[in-house]
Amino acid sequence: MKTLVLGGSGRTGKLVVQELLKANHPVRLLVRDRKKLPSELLNNPEVECVEGSITSLSDNQLEEYIKGCSTVVSCFGKNLTLADTTKGLKLLTTSTKRIHKIVKKIHQSSLASLPTRYILMNSALTLNKDEGESPNLAQWIVTSVLKMVMPPFRDNVDAAEYLRKHRHTPGFEWAIVRPGYLIDSKRSKASKYNVMSSPTGSLSETTLRINVADAMRRLVTSDECWEQWKGKMPVVFDAKKK
């Protein structure tokens, strides 16, 4: 079955799509502007491109795009800038709630035997209460300030909290991928990276976008990987050079 990728025209989203295609996994893309996609994606027979914005789609339209997909991947998460405070402030939380509601409806009204997977790209600054994570003083100061002056950070936290509270919905499974500060790279293949239950190290930990894309691809294509991390919030950090 296909994977529906949201935010597939973004810097990380494009890489997720490319990694899925390398694994011979068909993709359905929801993008605002087809022109932002490279020609090799638009011309790929394994890519179905749907132009539109999740904020403007009706529930019925979004339901049709989710049907026939085994997984929904959200790549809306991004590094925070001051410009982000003026737009899309609740994009993650709103879209997550809608997808959860629609998937629940699909499975209640059909005989679908397999649950739909939802993979949300978030941030390592978002704490996982299930793992007993608590901020040290420096983290507490930074996250407190971000919550006040950067609404997108609050959106990250609220989206994760919503999923934690709805982990037992029949037909709906989720995983939240938490990278460090995202770094662009010219690499076409992932480098070494670590996947862990909770963040270690300082607030300056980084993650190459290609590494996040590879980690998300593995959640889509590997049942073993999915069983390990479903209902959890894996942290993805680049491996430190020795």
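Remember, predicted model here, so these are calculated numbers, not experimental data.

### Focus on the nonpolar core
- In terms of nonpolar packing, the biggest core is built from 30 residues, with V5, L29, V73, I119, M216 and L219 touching the most fellow members.
- Per-element accounting of this core gives the leading share, six residues, to helix α7 (residues 209-221).
- Aside from chain neighbours lying at most four places away, what touches V73 is T3, L4, V5, L6, V16, I119, M216 and V220.
- Counting residues in hydrophobic clusters, the runner-up holds 27 residues, among them I66, I102, I106 and Y118.

### Points about the confidence of the model for the chain
- Here the chain shows a mean pLDDT of 87. Residues at 70 or above account for 85%.
- At the low end of the mean pLDDT range in the chain sits helix α5 (residues 137-149), at 58; at the high end sits helix α8 (residues 223-229), at 98.

### Some details on the packing of helix α3 (residues 59-66) against helix α4 (residues 91-108)
- Between α3 and α4, whose axes approach to 10 Å, the crossing angle comes to 70 degrees. Classed by the angle they form, the pair α3 and α4 counts as roughly perpendicular. For the crossing formed where α3 meets α4, the hand is right-handed. Contact residues: α3 offers D59, N60, L62, E63 and I66, while α4 offers R98, I99, K101, I102, V103, K105 and I106.
- Here the residues of the contact of α3 with α4 are counted per class, giving six nonpolar, one polar and five charged.

### Focus: α4
- For α4, with 18 residues, the first-to-last C-alpha span of 26 Å sits near the 26 Å given by 1.5 Å per residue.
- Looking only at α4, the buried set comprises L91, L92, T93, S95, T96, R98, I99, H100, I102, V103, I106 and H107.

### Regarding the environment of L41
- Turning to its location among the elements, L41 is positioned in helix α2 (residues 39-42).
- Apart from the residues within four sequence positions on either side, L41 is in contact with V17, Q18, L21 and V47.

### Examining the sheet that holds strand β4 (residues 69-74)
- What the eight strands build is an open sheet, ordered β3-β2-β1-β4-β5-β6-β10-β8; its pairing is mixed. With partners counted over all chains shown, the strands left at the sheet margins are β3 (47-51) and β8 (193-196), one partner each. Neighbouring strand axes in the sheet, compared pairwise and without regard to direction, differ in orientation by 20 degrees on average.
- The sheet contact formed by strand β5 (residues 116-121) and strand β6 (residues 172-179) spans six bridges and is parallel. Bridged to T116 within β6 is F172.

### What to know about the side chain of T3
- Relative to the helices and strands, T3 is located in strand β1 (residues 2-6).
- A polar side-chain atom of T3 sits 2.7 Å from a polar atom in the side chain of H25.
- The contacts of T3, once residues within four sequence positions are left out, are L20, H25, P26, V27, R28, C69, T71, V73 and V220.

### Remarks on the pairing of β4
- Counting buried residues along β4, five of its six residues qualify, which places the element largely inside the surrounding structure.
- Where β1 lies against β4, five bridges are found, and the strand directions are parallel. When the bridges of β4 are listed, V5 appears paired with V73.
- For β4 and β5, the ladder comprises four bridges, and the chain directions are parallel. Among the inter-strand pairings, T71 is bridged to a residue of β5, identified as R117.

Cut-offs and rules
- Residues numbered from 1 in each chain as written.
- Predicted model: local features only at pLDDT ≥ 70, side-chain atom pairs only at ≥ 80, totals over all residues.
- Heavy atoms only, no water.
- Core = buried A, V, L, I, M, F, W, Y, C linked by side-chain atoms within 4.5 Å.
- Buried < 20%, exposed > 50% of the residue type's maximum accessible area, 1.4 Å probe, protein only.
- Helix = DSSP H or I, 4+ residues; strand = E, 2+ residues; numbered from the N terminus.
- Contact = heavy atoms within 4.5 Å.
- pLDDT = per-residue confidence, 0-100.
- Axes fitted to C-alpha atoms, helices over the stretch in contact; angles between N-to-C directions.
- Parallel < 35°, antiparallel > 145°, perpendicular 65-115°, else oblique.
- Left-handed = near helix turned anticlockwise from the far one by under 90°.
- Nonpolar A, V, L, I, M, F, W, Y, C, P; charged D, E, K, R; others polar.
- Expected span 1.5 Å × (residues − 1).
- Pairing = 2+ DSSP bridges.
- Polar contact = N/O pair within 3.5 Å; in protein donor to acceptor, adjacent residues only side chain to side chain.

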